[in-house]
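Geometric and topological summary
One letter stands for each residue in the lines below.
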Number of protein chains: 2
Amino acid sequence: MRQFAMSIVLLSLLSNISWGQESNDFRPAETNVWGAEYPRVDGAGRVQIRVKAPEATKVKLNFWSGPKVDMEKQSDGFWTVTTTPLVPGLHYYTLIIDGAEVADTNSHAFFGGSKYASAVEVPEPGSTYYSIQDVPHGQVREVWYNSKVTGTWRHALVYLPPNYDAETKVRYPVLYLQHGGGEDETGWIRQGRANFILDNLVAAGSCKPMIIVMAYGYGRRAGQVPPDLTGKPFGSPEMLKAMQDMASAFEDDVTQALIPYIDSTFRTLPDRDHRGMAGLSMGGMQTFQITLNHLDLFSYIGGFSGAGGMLVLGDRKLDPKTDYNGVFADPAGFAKKVHLLWLGVGTVEPERMRAGIKRLHDSLDEAKIQHVFYESPGTDHEWQTWRRDLKDFAPRLF
Amino acid sequence: MRQFAMSIVLLSLLSNISWGQESNDFRPAETNVWGAEYPRVDGAGRVQIRVKAPEATKVKLNFWSGPKVDMEKQSDGFWTVTTTPLVPGLHYYTLIIDGAEVADTNSHAFFGGSKYASAVEVPEPGSTYYSIQDVPHGQVREVWYNSKVTGTWRHALVYLPPNYDAETKVRYPVLYLQHGGGEDETGWIRQGRANFILDNLVAAGSCKPMIIVMAYGYGRRAGQVPPDLTGKPFGSPEMLKAMQDMASAFEDDVTQALIPYIDSTFRTLPDRDHRGMAGLSMGGMQTFQITLNHLDLFSYIGGFSGAGGMLVLGDRKLDPKTDYNGVFADPAGFAKKVHLLWLGVGTVEPERMRAGIKRLHDSLDEAKIQHVFYESPGTDHEWQTWRRDLKDFAPRLF
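Now for a description of the structure that goes with this document.

Some points on the relation of the copies chain A and chain B
- Expressed as a screw transformation, the operator carrying chain A onto chain B has a rotation angle of 180° and an axial translation of 0.0 Å, and the superposed copies differ by an RMSD of 0.0 Å. What we have between these two chains is a two-fold relation. If distances are taken from each C-alpha of chain A to the rotation axis, the shortest is found for Arg141(A), at 2.1 Å.
- Comparing interface residues between copies, 98% of those in chain A also sit at the interface in chain B, which points to an isologous, same-surface contact.

Focus on the packing of aromatic side chains
Residue and element names in this part refer to chain A.
- Applying the stated criterion to the full structure yields 44 aromatic pairs over all chains.
- Pairing Phe111 with Tyr116 gives two aromatic rings, centres 4.9 Å apart and planes at 70°, and the pair type is edge-to-face.
- Given a relative accessible area of 18%, Tyr116 falls into the buried group.
- Sitting over the ring of Phe78, Arg50 keeps its end group 3.9 Å from the ring centre.
- Above the face of the Tyr129 ring, Lys391 is positioned so that its terminal group lies 4.5 Å from the ring centre.

Some words on the pairing of strand 15 (residues 211-214) of chain B
Residue and element names in this part refer to chain B.
- Along strand 15, one buried face is formed by Ile211 and Val213 and the opposite face, lined by Ile212 and Met214, is buried too.
- Sheet analysis places strand 13 (residues 152-160) next to strand 15, joined by three bridges and oriented antiparallel. What sits directly across from Tyr159, in strand 15, is Ile212.
- Here three bridges tie strand 14 (residues 174-178) to strand 15, and the two strands are oriented parallel to one another. The residue bridging Leu175 from the neighbouring strand is Ile212, located in strand 15.

What counts, and where the lines are drawn
Here the residue numbers are simple positions, counted from 1 along each chain's written sequence. The order in which chains are written sets their letters, starting at A; the order in which ligands are written sets their numbers, starting at 1. Local features in this predicted model are restricted to residues of pLDDT 70 or higher, and side-chain atom pairs are both shown and tallied only at a pLDDT of 80 or more, whereas totals for entire chains, interfaces and linings draw on every residue. Hydrogens and water molecules were not included; the side-chain quantities draw on all heavy atoms of the structure. Each copy is superposed on the other by least squares, with the fit set by C-alpha atoms of residues at a pLDDT of at least 70 in both. Note on definitions: a residue-residue contact is assigned when non-hydrogen atoms from the two residues lie within 4.5 Å. Aromatic pairs are defined between Phe, Tyr and Trp rings, using the six-membered ring for Trp, whenever the two ring centres lie within 6.5 Å; interplanar angles under 30 degrees are classed as stacked, those over 60 as edge-to-face, and all others as tilted. For every residue, the accessible area obtained with a 1.4 Å probe (protein chains only) is divided by the maximum for its type, and the residue is called buried under 20%, exposed over 50%, and partly exposed between those limits. The rule for a charge over a ring is simple: NZ of Lys or CZ of Arg within 6 Å of the ring centre, and within 35 degrees of the ring normal. The numbering of helices and of strands both runs from the N terminus, where a helix is a DSSP run of H or I of at least 4 residues and a strand a run of E of at least 2. Two strands are said to pair when DSSP picks up at least two bridges between them.

Here it is, written out as C-alpha cells:
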C-alpha cells in the first residue's frame with residue numbers, strides 16, 4: 001500500500017488533481033502489444049486493466065510493488081479494474097486467475113520474477129531522457145559467447161554507441177551493466193531503455209560514447225549438479241551456498257570468458273581505466289563482488305538499489321579494515337584506484353533495502369571513502385529508480 | 001487432430017516406439033525459462049505440461065496446430081497433461097484457465113497470434129542445422145528507423161554474417177525476411193533460429209554470407225485513422241480493405257524507408273541483383289506483392305506457406321497475362337529478371353493452404369515460369385516447415 005499512498009501524495013502535489021473525479025483521458029499504454037486497447041493509463045497515472053476470463057470465479061490484479069486488487073466481473077465475460085494513481089515509470093504486474101499467476105496477453109512480455117510478466121508504462125510528464133528521440137542511435141547487438149566456466153553458450157546484449165560502425169579507428173570504454181534477480185540480459189533494454197538513455201545523453205554531450213555489455217547474470221559451473229532446494233526456506237544455509245556458488249561462477253564467467261570475448265570482438269579500450277561495472281539489486285551485489293575482487297580489471301563501480309551490503313555485511317556496519325579483502329582500509333589508495341564508487345536507492349524502497357544501503361553509505365563516509373550517494377525521489381525498488389540511476393551514473397564515467 | 005495423428009504415424013515409422021509404454025526419459029524442454037522443470041519432452045516427442053491453478057475448475061492445453069486437451073487437476077493444485085507425440089520442431093501453445101487464454105510462465109515467450117504465447121521445442125533427432133554450433137557466428141542487431149510512411153520509429157532486427165566487423169571492405173547481398181500474421185520482427189530469430197541456420201550454412205560453405213533484415217510487418221500510414229472492425233466478420237469487405245491498406249503501407253515502408261535505411265547503414269550491395277525477399281504465410285503474400293511490384297529492386301523471391309495466391313487470386317488459377325501486372329506474361333523475360341522464384345509448403349498443412357500454393361505452382365508450370373517448388377515432409381503450418389524452407393532457399397541466393 002505504501003507506494004500507492006505515496007503516489008497519491010506525490011501526484012497531488014504535482015498536478016492538483018481531485019481524486020474523486022472521473023477523467024476521460026485514458027489511453028492505451030505504450031507497453032501494450034499492437035492494437036490492444038487495454039491496459040489504459042490516464043493523466044493521473046491511474047491504470048485500467050481488462051482481461052477475458054468468462055468462467056473464472058476470482059481474478060486479481062497483482063502489481064508487484066503494490067497491493068493485489070480484486071477485479072470485477074462484467075456481464076460480457078471480461079474482468080476490469082481501475083487502480084489508484086501509480087508513480088511514473090514501468091510497473092510489473094501479473095494477473096491471478098483462480099489461483100494461477102499469469103501474464104496479461106495485452107502487454108508486451110518483460111522478463112522479471114523468473115518469468116515473462118506484464119508491465120504498464122506510466123508516462124512521466126515532461127520526461128524525454130528514456131524515450132526514443134530524433135538523435136543518432138546506437139545499436140543493440142545480440143552475441144553468443146562460449147564460456148569454459150559454465151560449459152555453455154551464453155547470450156548477451158551489447159549496446160554500441162552511435163557511429164560505432166563509421167568511426168572504424170575509434171576505441172571505446174566499456175560499462176558492464178547487470179539486471180536484477182529474476183530478470184535477464186534483456187532487462188536494461190526492454191524495461192530500462194538503457195539504449196535510449198545513452199543515445200540521449202551522448203547527443204546532449206553529457207556523457208562519453210561507450211559500449212554497454214548486458215550479460216545473463218546466472219550460471220552454474222560446468223559439470224556442477226543443480227542443488228536440490230526442495231523444502232529449504234529462503235535464507236537457509238543450503239540456499240545461501242547455492243547463491244554463493246552461482247555468484248562465484250558468474251564472477252569467473254565475467255572475468256575469464258565475457259571480458260576476453262568482448263575485448264576481442266569489439267573496439268574496446270581494454271584496460272581498467274576504461275572499464276566499469278554497475279548493476280541493480282542482485283546485479284549491484286554482483287558488481288561489488290566482481291569489481292572489488294578484481295580492481296586490476298575495473299575502476300568504476302555502481303550499485304543501484306543493491307550494493308553488496310546484504311550478502312557480505314548482513315545487518316552490520318562495514319569494517320573497512322577487513323571487509324571486501326580490506327580494499328577500503330586505505331582511503332587515499334582506494335581513491336587513486338577507483339575513479340567512481342556510486343550508490344543509489346529510491347526514497348520509497350522497502351525499509352530494509354534503504355537501511356542497508358544507507359548504512360553502507362554512512363560506513364564509507366566514516367571510513368573517508370569517496371563515493372556518490374544518490375536518492376531517487378518518490379520511487380520504489382522499480383525501473384524508474386534505475387533509469388534515473390543510469391542517467392546520473394553514466395555522465396560520471398570515463 | 002490431423003497433425004497429432006500424422007505425428008504418430010511418422011514417429012512410428014522413424015523410431016518404432018510402442019505407444020502404450022511409459023517412457024522415463026522426459027526432460028525439460030529447451031524452450032523453458034531457466035530452472036523450469038516443465039514442459040518436458042520425451043524421446044518420442046510427447047510433451048508434459050504442468051501449471052499451478054489451485055482454484056480453477058477447468059484448464060485446457062491449447063496446441064495451435066493440434067486439439068485442445070483437458071488437463072487433469074492433481075491434489076497439490078497443479079494441473080497436468082501428457083500429449084501424444086508431436087512432430088519435431090517448435091509448437092506454439094497457450095493454456096485456457098477457466099476461459100482465459102494465457103501463456104505458460106514456464107516457457108520463454110514467443111510473439112505469435114498477436115500476443116506472447118508459449119512454445120515447446122521438440123528435438124529433431126540428428127538435426128543440427130538450426131541449433132548453435134561451434135562455428136563463427138553472425139550478430140543480430142536491433143535497429144530503429146524513422147519511417148516517413150508511417151510517421152513512426154520502427155524496430156527491425158538485422159542479422160549480419162560472421163566476420164562482418166572484421167572484413168571492413170566487403171559488401172554483402174541482402175535478404176528481407178518476413179514473419180507471419182500475428183508474429184513480429186523477432187519471429188525469425190526466436191522461433192525460426194534464422195541466425196543459426198545461416199551461421200551453419202555459411203560455415204559449411206553451402207551459402208553465401210548475407211545480411212538478413214527482419215522488419216515489423218504491420219503499419220498504418222501517417223495520419224490514417226484505425227479502422228473500426230467491430231462486428232465485421234473475417235473476410236468482410238471492411239476487413240479486406242483494412243488488410244489492403246496495411247499491405248500497401250508496409251510496401252511503401254519497405255521500399256521508401258527501410259531499404260534506403262539499410263543501404264545507408266550497412267555495407268550492402270545495394271542493387272536488385274543482390275537483394276531478395278521472402279516471408280512465411282502473411283509474409284509470403286507481402287513478399288509477392290512487394291517484389292512483383294518492384295522488380296527494379298528485387299531479383300530473388302520466396303514464398304513460404306503463403307505466396308500471395310489467396311489475396312490476389314482467391315480460389316482461381318493464375319492468369320499470367322493479367323495477374324501481378326502481367327509480370328508472368330513473358331517467361332523468358334521473367335527468367336532473365338528474376339533469378340529465383342521459390343514456393344514451399346508443408347505436406348500436412350491445411351488443405352486450403354496446400355491447394356492454393358499447389359494451384360499457383362501448377363499455373364506457373366503451365367505458364368512456363370521457372371520456379372522451385374518445395375514440400376516439407378510431415379510438417380504443418382509451423383516453424384519446422386519454415387526452418388526447412390530457409391535451409392533450402394538460402395543456398396540458392398546470390
